[in-house]
Structures are given as C-alpha cells and as structure tokens.
Amino acid sequence: MTRFFWLREDSTVQAHTNGSLNAAHKWGLPGLAGCPGCGETWASSGHQYPAVDLSVLPEQSAFLKARPEPFTEFSRLRELVRPLAPPGALLPPGTTFGPLVGTASGRFGSFAWLGNSLLLIRHEELERLREEGIRGLLGARTALRFRQKDAPELLELQLDPRGQLHADCMPPDLPPRCATCGRLGFRRPDEPILDAASLPADVDLFRVGNFATMIVGTERFMETVRRLELDGVSFRELPTR
C-alpha cells in the first residue's frame, strides 16, 4: 500500500542557505466580489499554473492586476483562459498563471519555497528526479532577476490538484461547496487525513484537490529525495482512510 507524505519547508537547511525570493506570477484570474450564490468575496490560494502562457490572449492585460470582480465578469475572464489551462482545471478566483516575476538573491538548496505552498527546484535536481523515474514533474521557467552572477536555474513545479482530504478530518457542520462559485470554506485540519479512494496512482507529487496549498508526495518520491540527498523539504506522513 502506497504511503503519502505532506511536503513543507525544511527549516534546518538555513544553516547553509540564505536564499530570498520576492516574486509573483505574471497573470491571474481576479477574485470574486459577492458571489450571487453564497455572497462571499474571495480568492483562492494554491491554484498555480506557471507553464500556462496568457500572452496569446488579446485581453491579457485584464489578468495583470489582482482585484475582485462581479461573477459575470469573473466567469467571462475564466472562459478566456480555460482553453489554455490543463484539462479539468477548476480555475477558482485568484488562480495564477505564467512565470514568477521578481527578484532573488542568496544561496538556495535543492528545493526552495515562496510562502508555504509554492515549490521551486533547481533544474539539475529536477533532471535527477526524472532519471530516477519520479512521475508527474513539470518544471516551468521563472523570470527571476538574481543579484549575483553565479545564479542557479530555479524552476517552479506545476502541480495539479488531485485527490481529496477525507471527510472525517473536516468540520462536521461544514456547508456544502457553493454550486455557483465552487467555494468550500474551511481551515486546514490540524490532523489531515487523505481520502484513499481519491488519490492519484499516476503521479508522485501533487496538490490536494480540496485544499490546494497542501503538497503531497508518494513514499517513492520521499525515498528518492532522501537517497539523492536533496534538501529544502521536510516530510510528514499523512494517514489515509
């Protein structure tokens, strides 16, 4: 039976790395202002598609500035993007696209984090993982400006939301997902449980479908990272049910 592990930043690597990032994706869907179904104004986190290029859209300028929009305008903009996005992508309010644009400085380990849900990897380490047979790794180029000459090539991992948290770890009185905008509002459980029947069998690294800021890897991924002595990530095993 496959075991699954929650990936987070490994703070112990700070002794030999001091990398710093100040960047954001080039494009993004607006937030939603006052959903006509649930009344919420909101935007998501964790839905990031750095390999999706919106420069082909005549209206690409409409995706440059973060702001809330009414549902009709949000829906119109989402449909412009949908043909360019991966098949089946949910594209909630706040979904981002395109390369990370900004500045970077210092020394980076094998993996680097921007916040707690955006994962980057050195190009050479990505190739090593692929050579070991790790599945589902898509590295997107960044547009980071480094302040030093010997800059690493950092790629952002585009990870599709797959699988689900199990209902047993969610609040028992959780309202259903909004039929209009798709919002399912709850805090991350202190003790997450994965829904075994929903977990993908064709990739070794993915985001959780109903809590996309959580990045999960298979036991195969964890063991390969440790064997190759790649740094920058920590692993916490998650129960399945």
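Our structure is the block above this text.
Residues numbered from 1 in each chain as written. Predicted model: local features only at pLDDT ≥ 70, side-chain atom pairs only at ≥ 80, totals over all residues. Heavy atoms only, no water.

K.L.:
Please explain the sheet that holds strand 15 (residues 233-238) as it appears in this structure.
P.N.:
In a beta sheet, neighbouring strands pair by backbone hydrogen bonds and run either parallel or antiparallel. In space, the five strands of this open sheet follow the order 12-13-14-1-15, with mixed pairing throughout. Pairing within the sheet leaves two strands with one partner each, and these edge strands are strand 12 (161-162) and strand 15. Where strand 13 (residues 205-208) lies against strand 14 (residues 211-218), four bridges are found, and the strand directions are antiparallel. Bridge assignment links Val208 to a residue of strand 14, and that residue is Phe211. (Pairing = 2+ DSSP bridges. Helix = DSSP H or I, 4+ residues; strand = E, 2+ residues; numbered from the N terminus.)

K.L.:
What is the right way to read the pairing of strand 13 from this model?
P.N.:
Where a strand is regular, its side chains alternate between the two sheet faces. Direction of pairing for strand 12 relative to strand 13: parallel, over a ladder of two bridges. Across the sheet, the residue bridging to Arg162 is Val208, located in strand 13. As consecutive antiparallel partners, strand 13 and strand 14 are separated by two residues.

K.L.:
Mind showing me how you'd approach helix 3 (residues 219-227) here?
P.N.:
Side chains of residues three or four places apart in an α-helix project in the same direction, reflecting 3.6 residues per turn. When helix 3 is considered as a whole, its buried residues turn out to be Glu219, Phe221, Met222, Thr224 and Val225. Buried residues along helix 3 sit against strand 1 (4-9), strand 7 (111-114), helix 2 (123-131), strand 13, strand 14 and strand 15. Looking one or two residues beyond helix 3, the residue adopting positive phi is Glu229, at roughly 60°. (Buried < 20%, exposed > 50% of the residue type's maximum accessible area, 1.4 Å probe, protein only. Contact = heavy atoms within 4.5 Å.)

K.L.:
In this structure, what is going on with the nonpolar core? I would like to understand it.
P.N.:
Nonpolar side chains in soluble globular proteins tend to end up buried together. Within the largest apolar cluster, 22 residues are counted, with the highest numbers of intra-cluster contacts made by Leu7, Phe111, Leu129 and Phe221. When contributions to this core are tallied by element, the ones reaching two or more residues are strand 1, strand 7, strand 8 (118-122), helix 2, strand 11 (154-157), helix 3 and strand 15. Top element by residues in this core is helix 3. It accounts for three residues. If we ignore the near neighbours within four places in the chain, the residues touching Leu129 are Phe111, Ile121, Ile134, Leu137, Phe221, Thr224, Val225, Leu228 and Leu230. Formed by 20 residues, the second largest nonpolar core is a distinct cluster that contains Leu32, Trp42, Leu57 and Leu77. (Core = buried A, V, L, I, M, F, W, Y, C linked by side-chain atoms within 4.5 Å.)

K.L.:
I keep staring at helix 1 (residues 71-81) and nothing clicks. Help me out?
P.N.:
Every buried residue belonging to helix 1 is among Phe74, Ser75, Leu77, Arg78 and Val81, and all of these are buried. Within helix 1, the buried residues cover an arc of 165° as seen down the axis, which keeps them to one side. Summarising the contacts, the buried residues of helix 1 are in contact with strand 3 (31-32), strand 5 (68-69) and strand 6 (96-105). (Arc of directions from axis to C-beta.)

K.L.:
Any chance you could explain the packing of aromatic side chains here in plain terms?
P.N.:
When we look at a pair of aromatic rings, we describe it by the centre distance and by the angle of the planes. Within the structure shown, the criterion is met by seven aromatic pairs. Seen from their ring centres, Phe221 and Phe235 are 6.2 Å apart, and the 65° between their planes marks the pair as edge-to-face. Of the two residues, Phe221 is situated in helix 3 and Phe235 in strand 15; the sequence distance between them amounts to 14 residues. Phe221 gets classed as buried once you look at its relative accessible area, which sits at 0%. Taken together, Phe5, Phe111, Phe221 and Phe235 form an aromatic cluster joined through their ring pairs. (Phe/Tyr/Trp six-rings, centres within 6.5 Å; stacked < 30°, edge-to-face > 60°.)

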